[in-house]
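Given next are the chains, with one letter for each unit.
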Amino acid sequence: MYKEKCAKCHGKTAEGRHFGGPSLISEKVAGASVEDLRNIIANGKGRMPKYAGKLTAEEIDNLVQQIRALNGK
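Keep in mind it's a predicted model, so treat the numbers as computed, not measured. (Residues numbered from 1 in each chain as written. Predicted model: local features only at pLDDT ≥ 70, side-chain atom pairs only at ≥ 80, totals over all residues. Heavy atoms only, no water.)

A.B. asks: Explanation requested: the nonpolar core in the structure shown.
C.D. replies: Within soluble globular proteins, side chains that are nonpolar tend to cluster in buried spots. In terms of nonpolar packing, the biggest core is built from 16 residues, with Y2, L37, I41, L55, I60, L63 and I67 touching the most fellow members. Counting residues per element, the ones that place at least two in this core are α4 (34–43) and α5 (57–70). When residues in this core are grouped by element, the largest group, four residues, is from α5. Apart from the residues lying within four places of it in its own chain, the contact partners of L37 are V29, A32, V64, I67 and R68. (Core = buried A, V, L, I, M, F, W, Y, C linked by side-chain atoms within 4.5 Å. Buried < 20%, exposed > 50% of the residue type's maximum accessible area, 1.4 Å probe, protein only. Helix = DSSP H or I, 4+ residues; strand = E, 2+ residues; numbered from the N terminus. Contact = heavy atoms within 4.5 Å.)

Quick look at the structure:
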């Protein structure tokens, strides 16, 4: 799921891309709650588009788990 929906902007290794999305491996992301991450994915934030209606709740939860795992959570 990550490779298909997120890697284009956040990079294949989730470390961010120049002129793209920020790194998903950071203290800020590690400190975000599950609900915060779900909300950002579903509703977008800044230049990030919203994925509500494009992804199921299960797919969003899967992405949240992947992002938390990248941050050792």
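A.B. asks: When you look at α5 in this model, what are you seeing that I'm missing?
C.D. replies: Because each turn of an α-helix spans 3.6 residues, side chains separated by three or four positions end up pointing in the same direction. The end-to-end C-alpha separation of α5 is 20 Å, in line with the 20 Å expected for 14 residues at 1.5 Å each. Among the residues of α5, those classed as buried are I60, L63, V64 and I67. One side of α5 holds all its buried residues, which, seen down the axis, span an arc of 100°. Seen from the buried face of α5, the exposed residues on the opposite side, beyond 90 degrees, are E58, Q65 and A69. On its buried face, α5 sits against α1 (2–5), α3 (27–31) and α4. G72 sits one or two positions beyond α5 and adopts a positive phi of about 70°. (Expected span 1.5 Å × (residues − 1). Arc of directions from axis to C-beta.)

A.B. asks: Whenever I open this one, unusual backbone geometry confuses me. Can you help?
C.D. replies: Backbone geometry follows two general trends: most residues other than glycine have a negative phi, and most peptide bonds adopt the trans configuration. Phi angles above zero are rare outside glycine, and A14 is one such case at about 65°. Inspection of the secondary structure puts A14 in the loop between α2 (7–10) and α3. Judged by its relative accessible area of 1%, A14 falls in the buried class. Even without being glycine, F19 reaches a positive phi, approximately 65°. Structurally, F19 can be placed in the loop between α2 and α3. For F19, a relative accessible area of 74% gives the class exposed.

A.B. asks: Sorry if this is basic, but what is going on with α4 here?
C.D. replies: Of all the positions in α4, only L37, I41 and A42 are classed as buried. When α4 is viewed along its axis, its buried side chains cluster within an angular range of 125° and face the same direction. Those residues of α4 that are buried lie in contact with α3 and α5. Positive phi appears at G44, one or two residues downstream of α4, with a value of about 75°.

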